[in-house]
Amino acid sequence: MATARVPGVRIAGIASAVPATRVPVTTAAEIFGADMIQKISQNTGIEYRHVTSPGLCSSDLCVVAAKRLLEELRWEPSSVEALIFVTQTPDFPSIPATACTLQMRLGLSRSCAAFDVTLGCSGHVYGLWLAMSLIAGSGLSRVLVLAGDVASVLSSPLDRAVSLLFGDAGSATAIEKDVTASPCVFSMGTDGSGYKNLIIPSGMHYARHPRDSATCIRRKAEDNNQRSAEDLFMDGTEVFAFTIREVPPLVNQVLNAAGWELEEVDAFVFHQANKFMITHLAKTMKVPLNKVPLSLKEYGNTSSASIPLTITTQLREEISSQSLRLLLVGFGVGYSWGACAVHCGPLVAPPVVLVDKSEAWQC
């Protein structure tokens, strides 16, 4: 696994936003039955999800979070020198990069570099690594990482493996130069052989498997779920096996590289895949469950936004007033994984913002 140590950079603030529409998982009882819904909720830890409305995009959620964060930090938009947008649900199918429109919508300088990163579960950690590396190695002073997805729209409502799993959220993380900051340590890895186990197989005319008249038709699959080739497919067994195989060594490597003992970590903020998986990981690594914050009950799996959303909803009071040793751990689609050992706080962390459809960009 690739390891990097980045000195002289700190996280100045984190903000999150979710759609105002809050849906209990029990609403799907008509499709899957009450007993199945109860079983799914117990395994995943999910009771509610905040889901988007037509026209409300991941960029809209991130814009709301970023504006709130910039205001509370009292950062002038012109002081932001780079913007990184991490998402798998961009505004447009391929061009332009959504980051370019975000530069305009946030009123950032024309000298601001802006680009998209197409990653999901590990995306926030990769975004932090890129932002901190830009500051440490390129002489920049301030970078915004916007990470968000509206993953709820990607799955078939008739697929019990995924339709109750994903919620929607956006986040903004402000990174700035600070010569007094403790180094942040990153460890990342990739195994593309698992690409088929979490995938949307078809769609777009230019794709590997282009859209045609048959790709949008939902049919009963071998697992008795109904989905089309344009819906999200997840092989839960394979994804679980990957996680149990790769995440414990990842955590050990980043702890060793940072010179931290497991007991010294104040909180392990895992990508919010599901409660069963995270609990199993914690027990395997002998991590106390009271050091593993979960946001799944209220928000579900929010893809690239799950780590910042968990910080701002579960650790907000502590991180606003004191410095915490955090281990941020992202893993999943790709397969891709990344972890960061970071001294975090005191920082600006406003309460999560609820966003309604009126906030959608009218372009």
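Our subject is the structure that appears above.
Residues numbered from 1 in each chain as written. Predicted model: local features only at pLDDT ≥ 70, side-chain atom pairs only at ≥ 80, totals over all residues. Heavy atoms only, no water.

### A short note on the overall build of the protein
In terms of regular secondary structure, the protein is built from 10 helices and 17 strands. Relative to the 2.2 N^0.38 estimate, which gives 21 Å for 363 residues, the radius of gyration of the protein is 19 Å and therefore close to what a compact globule would have. Split into buried and exposed, the 363 residues of the protein put 54% on the buried side. Counted over contacts in the protein with a minimum sequence separation of 6, partners at least 24 positions apart contribute 79%. Summing over all exposed atoms, the protein offers an accessible surface of approximately 15,500 Å²; the carbon and sulfur share of this is 52%. Across the protein, 29 positive and 33 negative side-chain charges occur, with their mean positions spaced 1 Å apart. (Helix = DSSP H or I, 4+ residues; strand = E, 2+ residues; numbered from the N terminus. Rg over C-alpha atoms; globule rule 2.2 N^0.38 Å. Buried < 20%, exposed > 50% of the residue type's maximum accessible area, 1.4 Å probe, protein only. Contact = heavy atoms within 4.5 Å. Areas by Shrake-Rupley, 256 points an atom, 1.4 Å probe, with all protein chains shown as cover. Lys, Arg positive; Asp, Glu negative; His and termini not counted. Charge placed at Lys NZ, Arg CZ, Asp CG, Glu CD.)

### Topic: the nonpolar core
The biggest cluster of nonpolar side chains holds 46 residues, and the ones touching the most others in it are Val251, Phe268, Phe270, Leu327, Val329 and Phe331. Among the elements of the structure, helix H2 (34-44), helix H6 (236-258), strand S14 (267-270), helix H7 (275-284), strand S15 (324-332) and strand S16 (336-344) are those that each provide at least two residues to this core. Ranked by residues supplied to this core, first place goes to H6 with eight residues. Excluding residues that lie within four positions of it along the chain, Phe331 makes contacts with Cys121, Ser122, Phe242, Thr243, Val247, Phe270, His271, Ala273, Met277, Leu281, Ser336 and Trp337. (Core = buried A, V, L, I, M, F, W, Y, C linked by side-chain atoms within 4.5 Å.)

### As for the packing of aromatic side chains
Within the structure shown, the criterion is met by five aromatic pairs. Consider the rings of Tyr126 and Trp129, whose centres lie 6.1 Å apart with planes at 85 degrees: the pair is edge-to-face. With Tyr126 and Trp129 both in helix H5 (residues 123-138), this residue pair falls three residues apart, about one helical turn. Residue Tyr126 is classed as buried on the basis of its relative accessible area, which comes to 12%. Measuring from centroid to centroid gives 5.7 Å for Phe242 and Trp337, while their planes differ by 50 degrees, and the two rings are tilted. (Phe/Tyr/Trp six-rings, centres within 6.5 Å; stacked < 30°, edge-to-face > 60°.)

### Section: the packing of H6 against H7
Describing two packed helices takes the angle between their axes plus the distance from one axis to the other. For the pair H6 and H7, the least separation of the axes is 11 Å and the interaxial angle reads 30 degrees. In terms of orientation, H6 and H7 fall into the roughly parallel class. Handedness of the H6/H7 crossing: right-handed. Between H6 and H7, the residues in contact are Val239, Phe240, Thr243, Ile244, Val247 and Pro248 and Phe276, Met277, His280, Leu281 and Thr284, respectively. Residues of the contact of H6 with H7, tallied by class, amount to eight nonpolar, three polar and no charged. (Axes fitted to C-alpha atoms, helices over the stretch in contact; angles between N-to-C directions. Parallel < 35°, antiparallel > 145°, perpendicular 65-115°, else oblique. Left-handed = near helix turned anticlockwise from the far one by under 90°. Nonpolar A, V, L, I, M, F, W, Y, C, P; charged D, E, K, R; others polar.)

### Focus on the sheet that holds S14
Taken together, five strands build an open sheet; the order of strands is S1-S9-S16-S15-S14 and the sheet is mixed. On the outer flanks of this sheet lie strand S1 (2-6) and S14, each paired with one strand and no other. When the angles between neighbouring strand axes are averaged without regard to direction, this sheet yields 15 degrees. Where strand S9 (residues 184-190) lies against S16, six bridges are found, and the strand directions are antiparallel. Following the sheet pairing, Ser187 is matched in S16 by Ala339. (Pairing = 2+ DSSP bridges.)

### Structural notes on helix H3 (residues 58-73)
Taking 1.5 Å per residue, 16 residues should reach 22 Å; H3 reaches 22 Å between its end C-alpha atoms and fits that length. Burial analysis of H3 places 12 of its 16 residues in the buried class, the great majority of the element. When H3 is considered as a whole, its buried residues turn out to be Ser58, Ser59, Asp60, Leu61, Cys62, Val63, Val64, Ala65, Ala66, Leu69, Leu70 and Leu73. Against the buried residues of H3 lie strand S2 (9-19), strand S5 (82-86), helix H4 (98-105), strand S7 (142-150), strand S8 (168-177) and strand S17 (353-355). Phi for Arg74, located one or two positions after H3, is positive at around 60 degrees. (Expected span 1.5 Å × (residues − 1).)

### Re the packing of H3 against H4
The contact between H3 and H4 brings their axes to 11 Å, and the two run at 40 degrees. In terms of axis orientation, H3 runs oblique to H4. Relative to H4, H3 is oriented so that their crossing is right-handed. Residues Ser59, Asp60, Val63 and Lys67 of H3 form the contact with H4, whose participating residues are Thr98, Leu102 and Arg105.

### What to know about the pattern of salt bridges
Going through the model one piece at a time under the given rule, you end up with 12 salt bridges. Among the ionic contacts, a cluster of salt bridges with common partners joins Arg10, Arg142, Glu176 and Asp178. (Salt bridge = Lys/Arg side-chain N within 4 Å of Asp/Glu carboxyl O.)

### Some remarks on the pairing of S15
Regular strands place side chains that alternate from one sheet face to the opposite one. For S15, the tally of buried residues reaches eight of nine residues, placing the bulk of the element in the interior. Both S14 and S15 contribute to a ladder of four bridges, which runs parallel. Paired with Phe270 across the bridge in S15 is Val329. Relative to S16, S15 runs antiparallel, the two being bridged by nine bridges. Of the residues in S16, the one forming a bridge with Phe331 is Trp337. Where S15 folds back onto S16 in an antiparallel hairpin, the turn is made up of three residues, including Gly334, whose phi is positive at roughly 140 degrees.

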